[in-house]
Amino acid sequence: MAQISIQELTVKNMYKCLELKLAEDQVDRIAPNVYSIAESKVNPNFTPCAIHLDEEVIGFVMTEYDPNEIESRKYWIPRFMIDISYQRKGYGKEAMLQVIDMFKENDDCLYIGLSTEPDNYSALRFYESLGYVNTGELLEESEVILLLKV
């Protein structure tokens, strides 16, 4: 059976992450992976990773840990995407559960946060199905904040 894994971004899988595609209605909602990778090189709080299905790169996730933030903002997922060819097959859910489990290993992880546009109903349903709660609070970019209590 095929296995999902979250792997450190390397030269080998980075180029595959750059080739990943989104559905047309998602393109303007998620920053391009090249932007996220560049951002991770100047912000030491960001960790970019490739989402693998066995040896195939099928997605990208970037996590954030900021020890100076308030409890609900220490652990954050600023980027998460699955290639259009692999969406709606359960891979995104499995990948997100693995990211959550990675964060849970830290004793000071009380919440895991992320954000999305308030009208991105499919993303909201997806995150809420994993236990995230829409706080109604907005980020400066007008995205709604969702929190998962660990």
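Check the entry above for the structure.
Thresholds, definitions, all that
- Residues numbered from 1 in each chain as written.
- Predicted model: local features only at pLDDT ≥ 70, side-chain atom pairs only at ≥ 80, totals over all residues.
- Heavy atoms only, no water.
- Core = buried A, V, L, I, M, F, W, Y, C linked by side-chain atoms within 4.5 Å.
- Buried < 20%, exposed > 50% of the residue type's maximum accessible area, 1.4 Å probe, protein only.
- Helix = DSSP H or I, 4+ residues; strand = E, 2+ residues; numbered from the N terminus.
- Contact = heavy atoms within 4.5 Å.
- Phe/Tyr/Trp six-rings, centres within 6.5 Å; stacked < 30°, edge-to-face > 60°.

### What to know about the nonpolar core
Okay, so step 1: Counting residues in each nonpolar core, the largest one holds 27 residues, and the members touching the most others are Ile51, Ile77, Phe80, Met96 and Tyr132.
Okay, so step 2: Looking at this core, the elements with two or more residues in it are β1 (4-8), β2 (46-53), β3 (56-65), β4 (75-82), α3 (91-104), β5 (111-116), α4 (121-129) and β7 (144-149).
Okay, so step 3: At five residues, the largest contribution of residues to this core is made by α3.
Okay, so step 4: Judged by nonpolar contacts, the second largest core, of eleven residues, contains Leu9, Phe46, Phe60 and Met81.

### Notes on the environment of Phe126
Okay, so step 1: For Phe126, the position within the fold is in helix α4.
Okay, so step 2: Once residues within four sequence positions are removed from consideration, Phe126 is found in contact with Phe80, Gly92, Lys93 and Met96.

### Some points on the packing of aromatic side chains
Okay, so step 1: Taken as a whole, this structure holds six aromatic pairs when the rule is applied.
Okay, so step 2: For the pair Tyr75 and Phe103, a centre-to-centre distance of 5.0 Å together with 70° between the ring planes defines the contact as edge-to-face. Of this pair, Tyr75 sits in strand β4 while Phe103 is found in helix α3, placing the two residues 28 residues apart along the sequence. You'll find Tyr75 and Phe103 in the same group, each marked buried.
Okay, so step 3: Following the ring pairs from residue to residue traces out a cluster consisting of Phe80, Phe126, Tyr127 and Tyr132.

By themselves these figures say nothing about function.
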